[in-house]
Amino acid sequence: MTLGLVGRKVGMTRVFTDDGDSLPVTVLDVSDNRVTQIKSVATDGYNAVQVTFGKRRASRVNKAAAGHLAKAAAEAGRVLREFRVPESELGAFKLGGKIGVDIFKVGQIVDVSGVSQGKGFAGVIKRHHFSSNRASHGNSISHNKPGSTGMAQDPGRVFPGKRMAGHLGAVQRTAQGLVVIRVDAERQLLLVKGSVPGSRGRDIVVKPTSKTVRVPGPSGKKAAPAAAQAKPAAAKPAAPAKAAAPAKPAAPAAKGA
């Protein structure tokens, strides 16, 4: 199932394994996900389930959104997101129904999307990881400068995409390949290993990973039997038989024999 959940980032903490190892985890609140629309190929051209999360005051909901939510008998939320699902799984959902955190399992690999923390205006060293210049031996107030950005007379301009100082952060990012460490069904919390984009309290989207998951350990290829591994020597084609040389005529008998 490719269905995901919408929620918010609570913060980071750590959990201890049975062996005593400490794992840094991010706590995600994915409670109260409500189905607001079920799309199908017949009506919309594709199969998807639209969900909402959070609460929004009625005065903040326009008439179009209010009518859309009224059809599903769902309370208005602050986030709307849809997930593509196979047609065979559409029957498991109903308008206004809730989706719990139990769609994820411990050990599952997920992707978490969110808006990264804004850093404001940043220089090239912080933004693009440039190295700073030397701080002595003739260097004057140009320690953290980007260096020359110009060109010679031809072409005499700065190409688009040049790495320079500018706004850093506050963009949509996805952390891929995070492992689900714990599923708290009672409080509808999801604990994933590692950090996720965004500040505490920001909205996030968690869904099964889109990357190919590699199983740790030796290769899954089965060893071929020894008989199959040993390649038989290719039989050389028999050389064509040479034609027999014609018989030489007998030498004449010596006179007086």
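Throughout this document, residue positions are counted from 1 along each chain, in the order its sequence is written. Given that the model is predicted, a residue must reach a pLDDT of at least 70 before its local features are reported, and side-chain atom pairs must reach 80 or more before they are shown or counted; all residues, however, enter totals for whole chains, interfaces and linings. Note that water and hydrogens are dropped before the side-chain values are worked out from all heavy atoms of the structure.

## A word on the overall build of the protein chain
1) Next: Secondary structure follows DSSP: runs of H or I at least 4 residues long count as helices, runs of E at least 2 residues long count as strands, and numbering of each begins at the N terminus. When helices and strands are counted, the protein chain shows four helices and 12 strands.
2) Next: Remark: exposure states derive from per-residue accessible area (1.4 Å probe, protein chains only) relative to the maximum for the residue type, with buried under 20%, exposed over 50%, and partly exposed in between. The buried share of the protein chain, reckoned over its 257 residues, is 29%.
3) Next: It only takes one pair of heavy atoms within 4.5 Å for two residues to be counted as in contact. Partitioning the intrachain contacts of the protein chain with sequence separation of at least 6 by distance along the chain shows that 71% fall at a separation of at least 24.
4) Next: Accessible areas in this description were obtained via Shrake-Rupley with a 1.4 Å probe; residue shielding takes into account the shown protein chains only. Working note: accessible area of the protein chain is about 18000 Å², and carbon and sulfur atoms make up 54% of it.

## Observations concerning the pairing of strand 4 (residues 48-53)
1) Next: Summarising burial for strand 4: six of the six residues are buried, a large majority.
2) Next: Side chains of strand 4 alternate between two faces, with Ala48, Gln50 and Thr52 and Val49, Val51 and Phe53 buried alike.
3) Next: Relative to strand 4, strand 3 (residues 33-39) is paired through five bridges, and the arrangement is antiparallel. Of the residues in strand 4, the one forming a bridge with Lys39 is Ala48.
4) Next: Any two strands with at least two DSSP bridges between them are considered paired. As paired elements, strand 4 and strand 5 (residues 79-84) share six bridges and run antiparallel to each other. Bridging from a neighbouring strand, Val51 pairs with Arg81 of strand 5.

## Examining the environment of Val179
1) Next: Take Val179: it is sitting in strand 10 (residues 172-184).
2) Next: Sequence separation between Val179 and Lys105 is 74 residues; the distance between their C-alpha atoms is 9.7 Å.
3) Next: Residues contacting Val179, with those up to four places away along its chain left out, are Gly107, Gln108, Ile109, Leu191, Val192 and Lys193.

## Overview of the nonpolar core
1) Next: In plain words, nonpolar cores are sets of buried Ala, Val, Leu, Ile, Met, Phe, Trp, Tyr and Cys residues tied together by side-chain atoms within 4.5 Å. Among the nonpolar cores identified, the biggest contains 28 residues, and Val49, Val110, Val112, Leu190, Val192 and Val206 are the most heavily contacted of them.
2) Next: Breaking this core down by element, the ones donating at least two residues are strand 1 (5-16), strand 4, strand 5, strand 7 (109-115), strand 10, strand 11 (189-193) and strand 12 (203-208).
3) Next: For Val49, the contacting residues outside a window of four places in its chain are Leu3, Val35, Gln37, Arg81, Glu82, Phe83, Val85, Leu90 and Phe93.

## Structural notes on the pattern of salt bridges
1) Next: The term salt bridge refers to a side-chain nitrogen of Lys or Arg lying within 4 Å of a carboxyl oxygen of Asp or Glu. Here the structure, examined in full by the defined rule, presents six salt bridges.
2) Next: In this structure, Asp29 engages Arg8 in a salt bridge whose closest nitrogen and oxygen atoms are separated by 3.4 Å. Here Asp29, found in strand 2 (residues 22-29), pairs with Arg8, found in strand 1; they are 21 residues apart in sequence, far enough to count as distant.
3) Next: Since its relative accessible area comes to 30%, Arg8 is described here as partly exposed.
4) Next: Of the charged contacts, one joins Asp32 and Arg34 as a salt bridge, the two residues approaching to 2.9 Å between their closest N and O atoms.
5) Next: Taken together, the shared-partner salt bridges in this structure form one network comprising Asp32, Arg34 and Lys98.

## Digging into the sheet that holds strand 3
Sheet strands pair by backbone hydrogen bonding; their relative direction is either parallel or antiparallel.
1) Next: Strand order in this open sheet of four strands is 5-4-3-6, and the pairing throughout is antiparallel. Single-partner strands in this sheet number two, and they are strand 5 and strand 6 (98-99).

## Things to note about unusual backbone geometry
Peptide bonds are trans in most cases, and residues, glycine excluded, mostly fall at negative phi.
1) Next: Residue Pro155 is bonded to the preceding Asp154 through a cis peptide linkage, with omega at 10 degrees.
2) Next: You can see Pro155 is positioned in the loop between helix 3 (124-128) and strand 9 (166-168).
3) Next: The residue Asp32 is not glycine, and still its phi comes out positive at about 60 degrees.
4) Next: Positionally, Asp32 belongs in the loop between strand 2 and strand 3.
5) Next: Here the phi dihedral of Ala170 falls at roughly 60 degrees; this positive angle occurs in a residue that is not glycine.
6) Next: Overall, Ala170 belongs to the partly exposed group, its relative accessible area being 42%.

## Some remarks on the sheet that holds strand 10
1) Next: The antiparallel closed barrel is built from six strands, whose spatial order is 1-2-11-10-7-12. Direction aside, the axes of adjacent strands within the sheet are offset by 45 degrees on average.
2) Next: As paired elements, strand 7 and strand 12 share five bridges and run antiparallel to each other. For Val110, the partnering residue across the bridge sits in strand 12 and is Pro208. Interaxial angles span 0 to 180 degrees and are taken between N-to-C directions of axes, which are lines fitted to C-alpha atoms, for helices over the stretch in contact.

## Structural notes on the environment of Ala48
1) Next: With respect to the helices, strands and loops of the structure, Ala48 is situated in strand 4.
2) Next: On the accessibility criterion, Ala48 (1% relative accessible area) is buried.
3) Next: The spacing of Ala48 and Arg84 is 36 residues in sequence and 4.2 Å in space, taken between C-alpha atoms.

Spatial relationships are all this shows, so hold off on functional conclusions.
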